[in-house]
Amino acid sequence: MKFKVSSAALFSRLTSINRVLNSKNSLPILDCYLFEIEGKQMSITASDSESTIVTTVELADSEADARFCIKAKTIQDSLKEISDQPITLDVNLDTMEIQGEYQNGKFNIVGEHADEYPKPHQLDGEAQSYEIRQSVLLSGITHSLFATADDEIRPVMTGVYFDFTPECLIFVGTDGRKLVRNKDYSVTSEVPAGFILPKKPANILKALLQKGDATAKLDFNDKMAVISTEGFTLTCRLIDGRYPNYNSVIPQNNPFKATIDRAALVSTLKRVLVFCSQSSALVKLSFKKDQLTVSGQDVDFSTSAEERLVCEYDAPNINIGFKGTLLLDILNNLDSSEIIVELADPGRAGIIKPAEQKEGEEILMLLMPMMLND
């Protein structure tokens, strides 16, 4: 059975879905891509058993419908150095010998039968469905994903929480020390609902979603989610469990506000962190009228640094300590040129917001303080 396809289009599709594959799989067949040909369209599936992603590519020519598998590394390495040109693949469905022919050469590889490839999980029972702009999903995931936890002590905090409310869609990420709440008012839901998207499919979506006005279809129930776009369909298991009440940890009244140039603060933090304790990364922020002093020290090595920044601040003097690396993470995940820092006292969480929110969006980031030595 022969079919002809653009080598660049095929390689591009394989590269886009490769992120779902694990380096080690419990089922050897999951080291492969599943190829399914119907007419002049070929769907390609990659899976790690928890998440499955399917993409399609148009064929220039095809003799018959077929299903077969090829080791992911084998087919990608075969196509990697071939320039954009038509390539013909001749698949013997009995022996699984596959020959690829292109303009100035050919290769031979061995495929595998598709019978063992697991069927993707399906949404069973009642599911909720939403049409959402891809840019909304991309922004929500990008701003929240970095704040999720890496350890498995509390699995619910390792993913991004999607909270559908009558007013907006809220993306939340937290690891207990930092928290991100990203509201998008273009998406509403008459019936409150929510789910926790695991970190791996969130990272895959972050790489695949587009910034324009193209939409994605999101379907989910209490166990599974399916995100479909024109280019791919991602099916994944959700994290089971109740997400913590994130609103309860966000201070409702932090009266002291400072407006700071974000890029200047990022540069200052990078310089001061060189002289801070590597274990604690504690930095001290000292606010007084229209001035912020950022300082840090490492007592063990007798190093210290201090820098001053101009800012808009007209409130009582206040000193507060933060883990500098976490503060830097937050600042690097904000887009605005200026940020607003809201404080109440050295023992209460600080709130960091863009000075100018994008239309229809409201981002809030929270960082728990550290105890200062003085």
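Residues numbered from 1 in each chain as written. Predicted model: local features only at pLDDT ≥ 70, side-chain atom pairs only at ≥ 80, totals over all residues. Heavy atoms only, no water.

A. Spatial organisation of the overall build of the chain. The helix and strand tally for the chain stands at six helices and 26 strands. Its C-alpha atoms give the chain principal-axis dimensions of about 80 × 50 × 35 Å. Buried positions account for 51% of the 374 residues belonging to the chain. Summarising the internal contacts of the chain: among those between residues at least 6 apart in sequence, 67% fall at separations of at least 24. Once the 38 positive and 53 negative side-chain charges of the chain are each reduced to a mean point, those two points are 5 Å apart. (Helix = DSSP H or I, 4+ residues; strand = E, 2+ residues; numbered from the N terminus. Buried < 20%, exposed > 50% of the residue type's maximum accessible area, 1.4 Å probe, protein only. Contact = heavy atoms within 4.5 Å. Lys, Arg positive; Asp, Glu negative; His and termini not counted. Charge placed at Lys NZ, Arg CZ, Asp CG, Glu CD.)

B. Looking closely at a negative patch on the surface. There is a patch of like negative charges on the surface, built from Asp261, Glu312, Glu338 and Glu356. Along the chain, glutamate 356 falls in the loop between β25 (350-354) and β26 (361-367). For glutamate 356, a relative accessible area of 67% puts it in the exposed group. (Patch = residues over 30% accessible without salt bridge, like charges linked within 9 Å, V, L, I, M, F, W, Y side chains within 5 Å. Areas by Shrake-Rupley, 256 points an atom, 1.4 Å probe, with all protein chains shown as cover. Salt bridge = Lys/Arg side-chain N within 4 Å of Asp/Glu carboxyl O.)

C. A look at the side chain of serine 336. Assignment of secondary structure puts serine 336 in the loop between α6 (324-332) and β24 (338-343). Setting aside anything within four residues of it in sequence, one finds serine 336 in contact with Arg262, Pro354, Ala355 and Glu356.

D. Spatial organisation of the sheet that holds strand β23 (residues 318-323). On the basis of which strands lie adjacent, the open sheet formed by four strands has the order β21-β20-β19-β23 and antiparallel pairing. Both outer strands of the open sheet, β21 (303-310) and β23, are each paired with one neighbouring strand and no more. Pairs of neighbouring strands in the sheet enclose a mean axial angle of 20°, with direction left out of account. In the sheet, strand β19 (residues 282-288) pairs with β23 via six bridges, with the strands oriented antiparallel. For valine 283, the partnering residue across the bridge sits in β23 and is phenylalanine 322. (Pairing = 2+ DSSP bridges. Axes fitted to C-alpha atoms, helices over the stretch in contact; angles between N-to-C directions.)

E. The arrangement of the pairing of strand β4 (residues 51-58) in detail. When strand β3 (residues 41-47) meets β4, the two strands line up antiparallel, connected through seven bridges. Note that in β4 the partner of methionine 42 across the bridge is valine 57. What sits between the antiparallel neighbours β3 and β4 is a turn of three residues, in which serine 49 has the positive phi angle 80°. Here β4 pairs with strand β17 (residues 232-237) via five bridges, running antiparallel. Paired with threonine 52 across the bridge in β17 is threonine 235.

F. Structural context of the state of the cysteines. Tallied over the entire structure, the rule returns zero disulfides. For cysteine 69, which is in no disulfide, the shortest distance to another cysteine sulfur is to cysteine 32 and amounts to 5.4 Å. Overall, the relative accessible area of 0% leaves cysteine 69 in the buried class. (Disulfide = S-S within 2.5 Å.)

G. Representation of the packing of aromatic side chains within the structure. Scanning all chains against the criterion turns up 14 aromatic pairs. Judged by centre distance (5.4 Å) and plane angle (10°), the ring pair of phenylalanine 35 and phenylalanine 68 falls under stacked. Placement of phenylalanine 35 in strand β2 (residues 32-38) and of phenylalanine 68 in strand β6 (residues 66-71) is noted, with a sequence separation of 33 residues between them. Judged by relative accessible area, which is 2%, phenylalanine 35 ranks as buried. Under the relative-accessibility criterion, phenylalanine 68 is labelled buried at 1%. Where tyrosine 130 meets phenylalanine 220, the ring centres are 6.0 Å apart and the plane angle is 10°; that geometry is what we call stacked. Of the two residues, tyrosine 130 is situated in strand β10 (residues 128-133) and phenylalanine 220 in strand β15 (residues 215-220); the sequence distance between them amounts to 90 residues. The burial state of tyrosine 130 is the same as that of phenylalanine 220; both residues are buried. Ring pairing ties together the aromatic residues Tyr130, Phe162, Phe164, Phe171, Phe195 and Phe220, which thus form one cluster. (Phe/Tyr/Trp six-rings, centres within 6.5 Å; stacked < 30°, edge-to-face > 60°.)

H. View of the sheet that holds β2. Pairing is antiparallel across the open sheet formed by eight strands, whose spatial order is β6-β2-β3-β4-β17-β16-β15-β10. The open sheet terminates on both sides in strands that have one partner only, identified here as β6 and β10. For this sheet the average axis-to-axis angle between neighbouring strands, irrespective of direction, equals 20°. Relative to β6, β2 is paired through six bridges, and the arrangement is antiparallel.

The values are spatial; any link to function lies outside them.
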